[in-house]
Every structure is written in structure tokens, then in C-alpha cells.
Amino acid sequence: MHRSKTALNLLQRLDGLRTASSGSLITRQMQMASTVQSAHSRLLWSGCSHQAPVRHFSTEKDTARVEEPTENEKKLTVEVEELRKEAAELTEKVKSLDDKYKRALAESENIRRRLTKQIDDAKLFGIQGFCKDLLEVADILGHATEAVPKDEISDKNPHLKNLFEGLSMTRQQLNSVFKRHGLETVNPMNEKFNPNLHEALFQQEVANVEPNTVVVVSKIGYKLHDRCIRPALVGVTKG
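Throughout what follows, the structure given in this document is the object of discussion. (Residues numbered from 1 in each chain as written. Predicted model: local features only at pLDDT ≥ 70, side-chain atom pairs only at ≥ 80, totals over all residues. Heavy atoms only, no water.)

**Notes on a negative patch on the surface**
Taken together, the side chains of Glu79, Glu82, Glu86 and Glu89 make up a negatively charged region of the molecular surface. When you line up the elements, Glu79 lands in helix α3 (residues 71–125). Judged by its relative accessible area of 45%, Glu79 is partly exposed. (Patch = residues over 30% accessible without salt bridge, like charges linked within 9 Å, V, L, I, M, F, W, Y side chains within 5 Å. Areas by Shrake-Rupley, 256 points an atom, 1.4 Å probe, with all protein chains shown as cover. Salt bridge = Lys/Arg side-chain N within 4 Å of Asp/Glu carboxyl O. Lys, Arg positive; Asp, Glu negative; His and termini not counted. Charge placed at Lys NZ, Arg CZ, Asp CG, Glu CD. Helix = DSSP H or I, 4+ residues; strand = E, 2+ residues; numbered from the N terminus. Buried < 20%, exposed > 50% of the residue type's maximum accessible area, 1.4 Å probe, protein only.)

**A look at the side chain of Ser168**
Structurally, Ser168 is set in helix α5 (residues 158–180). For Ser168, the side chain forms a polar contact with the main-chain oxygen of Phe164, separated by 2.9 Å. (Polar contact = N/O pair within 3.5 Å; in protein donor to acceptor, adjacent residues only side chain to side chain.)

**Quick word on the sheet that holds strand β3 (residues 214–219)**
An order of β2-β6-β3 is seen for the 3 strands of this open sheet, with the pairing classed as mixed. Looking at strand neighbours, the two that pair on one side only are β2 (198–204) and β3, the edges of this open sheet. Ignoring which end each strand starts from, the neighbouring axes of this sheet average 30 degrees apart. Pairing of β2 with strand β6 (residues 232–237), which is carried by 6 bridges, proceeds in the parallel orientation. (Pairing = 2+ DSSP bridges. Axes fitted to C-alpha atoms, helices over the stretch in contact; angles between N-to-C directions.)

**Observations concerning the pattern of salt bridges**
The tally for this structure, following the rule as stated, stands at 9 salt bridges. A salt bridge links Arg84 to Glu81, with the shortest nitrogen-to-oxygen separation between them at 3.5 Å. With Arg84 and Glu81 both in helix α3, this residue pair falls 3 residues apart, about one helical turn. Arg230 is the partner of Asp139 in a salt bridge, and the nearest nitrogen-oxygen pair spans 2.6 Å.

**Regarding the packing of aromatic side chains**
A complete count under the given rule lists 1 aromatic pair for this structure. Ring centres of Phe178 and Tyr222 lie 6.1 Å apart, and the angle between their planes is 85 degrees; this geometry places the pair in the edge-to-face category. Residue Phe178 is found in helix α5, and its partner Tyr222 is found in strand β4 (residues 221–224); the two are separated by 44 residues along the sequence. In terms of burial, Phe178 and Tyr222 fall into one category: buried. Above the ring of Phe125, the side-chain terminus of Arg227 is found at 3.7 Å from the ring centroid. (Phe/Tyr/Trp six-rings, centres within 6.5 Å; stacked < 30°, edge-to-face > 60°. Lys NZ or Arg CZ within 6 Å of the ring centre and 35° of its normal.)

Keep in mind these values describe shape, not function.
See the structure below:
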């Protein structure tokens, strides 16, 4: 009886030891599993942050298709290059033609302005030569009327009087015609000498007169629309 109890106690101790050993084994296994799982998680995290480049492999047909273009693609490439060159050449031609066109416009505008100015001058000064020829006639009429003695012009000498009046009227009419066409006399008596309108023949000393003042008019001058066609022949005071 006593032996049987002793054996029963031994069996219970053995069972307790087995249970304890199995529990510690399970705990160790769980710890190992946890450690493996955490290591696997770290590996996954490092793999996500430092992914290795994925290499894609293609077949031989795909590689040949990428490296060697087809005949149509080659023709299209050549045509595109030719079109680009042609477009560049046409752009340069357009720029050159545009520049020439603008220059031609500017030149034609300048020519038009010059021709307009010449036409206007021709309208104004086209009678310049004719006026110069008539100036001698006006001079002769002037000399004729001035040469007649004033005391001889009376009713006692009607022929001379009528001649003088006729010459005077002709001279006045001629001067009015000159003025109508822009031809005016230049009689600069007691005026400052102007080299554009006057021609000095001599100088003389005159008291109480400023230098370069016209004191003698030997021959009157004429100007056509502010253009001198014959300077007045004058004498001026000394400076």
C-alpha cells in the first residue's frame, strides 16, 4: 500500500515535470517565432525603402524592333529632315524678300517725295528763264522813263507827254504782271547788305551811316518766290 502511494507520487511528479517542460518549450517556440517575425518585418521594411531596380527582359524580337527601325520609319525620318531644311531655307528667303520689300517701299517713298518737290518747284520756277528774259525789257523801260526831263512833260509838248505816259503805263503793267506771277523787285536802298540778294560793286565812306549799309543801287534786283534770280548791284558803306 505504501509502495503504491509512493509510485503514485512519482507518477504525479513526472507528469508535473512533463507539463513544465512542455510549457517552457512552447514559450521558447513562441519567442523564437516572434523573433523571426520581427526580423522578417525589418527585412520587408528595408526592402520597401531600398528597392532594387527591377530588370525587365525582352525577347529577341522586341530588342530587334527597338534597335533597328523599319524602312518606312527611315523614309519618314529622311522626309522630315528634308522638310525641316526646306522650311529653314524658305524662312530665310522670306526674311530676305521682306527686307528688300521694305527697302523698296522706303526708296519709292523717297523718290515720290523728291518728284513731288521737283514738280512743285517746276510749277513755281518754270517761268524763271522767261522772267529773266523780260527783266532786260523792264530795265529798258525804266531807263527810258527816267531819262525824260520832268520839266519837259507839259501840255506845251504833248507828244513827249503822251510818250512818257505810255512808257510809264507799260512799265506799271509789266510790273503788275511780274507781281502776279511771284516776281518782285529788290531795291535795298538804306537796307543792310544781304549777300543772298545783293551784289556789292564798291564801298564808300558815308558819315553817320552804319557799316555794310546799302547807299547806292546801280541796278535793281529781282526774286521769284523768295528765290533770287538776279541780285541787286549796290554800293555799301565801309565797315
